[in-house]
Amino acid sequence: MKLQLPWWMAGPELSKVKTAAQDFFDDLIDVAKWPLEQLDARQASEGIVRLIAWQRGIDRFSNENLKMFRLRVFYAYANAKDAGSVVGFERIFQRLELGYLEQEERLSNKDWDVIVLNVSNSVTAQNPEFMNWLIQTYGRTCRRYEWNVITMLTMAVKSTTFDWDQQTYIASLRVLSDG
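Residues numbered from 1 in each chain as written. Predicted model: local features only at pLDDT ≥ 70, side-chain atom pairs only at ≥ 80, totals over all residues. Heavy atoms only, no water.

J.: I would appreciate a short explanation of the overall build of the chain in the present structure.
T.: Within the chain, the regular secondary structure consists of seven helices and three strands. The C-alpha atoms of the chain give 33 Å as radius of gyration, which overshoots the globular expectation for 179 residues (16 Å, by more than 25%). Seen through its C-alpha atoms, the chain measures out along the principal axes to roughly 135 × 55 × 30 Å. Scored against the burial criterion, the 179 residues of the chain give a buried share of 28%. Considering only residue pairs separated by 6 or more positions, the chain has 50% of its internal contacts joining residues 24 or more positions apart. (Helix = DSSP H or I, 4+ residues; strand = E, 2+ residues; numbered from the N terminus. Rg over C-alpha atoms; globule rule 2.2 N^0.38 Å. Buried < 20%, exposed > 50% of the residue type's maximum accessible area, 1.4 Å probe, protein only. Contact = heavy atoms within 4.5 Å.)

Pasting the structure below:
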């Protein structure tokens, strides 16, 4: 909101009043916005985030960084809604920025209720407590989970021409007779 004075009030003294009023209203708007900003766990103060986490039933893990904690608190309702489905579990991984996820079900060499999760070497692989919580909270009921850590490698293949020349020589052995 920018205050504008009419052209006939454009004197130096009224400009000072306008500047003071503009500062006052800017501060008033900031104070009015503050409670709304505190509802967003991604930008609220850490104490407010802990309060929202308590409200949503989220506990902070030991050694969990603040960014991951904020994401878990912010997406708590959406993650609870998506829990229990293949697509939902993939969305949860995307929201929490956990990296690559591959889900394999009903494999021939395993029981029918085993789901194998192949995850990238990221936050989940380095914190097994977090991975167990993730499966327990958002996984499918009556299913057993196995998870494997895979490391992604970047490869580069260069194309080039390959010419091959072939020559064939035939050798024969002559036997000389004495005579």
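And the narrative resumes.
J.: Before we go on, may I ask you to explain the sheet that holds strand 3 (residues 144-150) in this structure?
T.: In any sheet, the strands associate via hydrogen bonds between backbone groups, in a parallel or an antiparallel arrangement. Spatial ordering of the open sheet is given by 1-2-3, a layout of three strands whose pairing is mixed. Both outer strands of the open sheet, strand 1 (101-105) and strand 3, are each paired with one neighbouring strand and no more. The sheet shows a mean angle of 20 degrees between the axes of neighbouring strands, direction not considered. Here strand 1 pairs with strand 2 (residues 114-120) via five bridges, running antiparallel. Its bridge partner being in strand 2, Glu 105 is matched across the sheet by Ile 115. Helix 5 (residues 86-95) contacts strand 1 and strand 2 of the sheet and is inclined by roughly 160 degrees relative to strand 1. Contacts from helix 7 (residues 128-138) reach strand 2 and strand 3, with the element oriented near 140 degrees to strand 3. (Pairing = 2+ DSSP bridges. Axes fitted to C-alpha atoms, helices over the stretch in contact; angles between N-to-C directions.)

J.: Whenever I open this one, the side chain of Gln 103 confuses me. Can you help?
T.: Topologically, Gln 103 is positioned in strand 1. The exposure class of Gln 103 is buried, given its relative accessible area of 16%. A polar side-chain atom of Gln 103 sits 3.1 Å from the main-chain carbonyl oxygen of Val 86. Setting aside residues up to four positions removed in sequence, Gln 103 forms contacts with Val 86, Phe 89, Glu 90, Val 116, Leu 117 and Arg 140. (Polar contact = N/O pair within 3.5 Å; in protein donor to acceptor, adjacent residues only side chain to side chain.)

J.: Is there a simple way to think about the nonpolar core in this case?
T.: If you look at soluble globular proteins, the nonpolar side chains tend to sit buried side by side. In terms of nonpolar packing, the biggest core is built from 28 residues, with Val 73, Phe 89, Phe 93, Leu 96, Leu 117 and Leu 134 touching the most fellow members. Listing elements by their share of this core, those giving two or more residues are helix 2 (46-56), helix 3 (66-74), helix 5, strand 2 and helix 7. Among the elements that take part in this core, helix 7 stands out by supplying six residues, more than any other. Leave out the neighbours within four places in its chain, and Leu 96 touches Met 68, Leu 71, Arg 72, Asn 79, Phe 130 and Leu 134. (Core = buried A, V, L, I, M, F, W, Y, C linked by side-chain atoms within 4.5 Å.)

J.: For this particular structure, what's the right way to read the pattern of salt bridges?
T.: Any two side chains of opposite charge can pair, on the condition that their charged atoms come close. Scanning the model with the defined rule gives eleven salt bridges in all. Between Arg 91 and Asp 82 there is a salt bridge whose closest N-O contact spans 2.9 Å. Residue Arg 91 is classed as partly exposed on the basis of its relative accessible area, which comes to 37%. We note a salt bridge from Lys 110 to Glu 146, for which the minimum N-O separation is 3.1 Å. Placement of the pair is Lys 110 in the loop between strand 1 and strand 2 and Glu 146 in strand 3, with a sequence separation of 36 residues. One network of salt bridges, with partners in common, ties together Asp 82, Arg 91 and Arg 95. (Salt bridge = Lys/Arg side-chain N within 4 Å of Asp/Glu carboxyl O.)

J.: What is the right way to read unusual backbone geometry from this model?
T.: One can expect most non-glycine residues to show negative phi and most peptide bonds to be in trans. Of note, Glu 97 is a non-glycine position whose phi angle comes to about 55 degrees, a positive value. Tracing the sequence through the fold places Glu 97 in the loop between helix 5 and strand 1. Non-glycine residue Arg 106 carries a positive phi angle of around 50 degrees. For Arg 106, the location among the structural elements is in the loop between strand 1 and strand 2. In this structure Arg 106 comes out as exposed when scored by relative accessible area, which is 53%.

J.: Please explain a nonpolar patch on the surface as it appears in this structure.
T.: A grouping of Met 1, Phe 24, Phe 25, Leu 28 and Ile 29 is seen on the molecular surface, where their side chains present a nonpolar patch of about 480 Å² in accessible area. The residue Leu 28 is located in helix 1 (residues 12-38) in this model. (Patch = residues over 30% accessible without salt bridge, like charges linked within 9 Å, V, L, I, M, F, W, Y side chains within 5 Å. Areas by Shrake-Rupley, 256 points an atom, 1.4 Å probe, with all protein chains shown as cover.)

Don't take any of this as a statement about function, it's just geometry.
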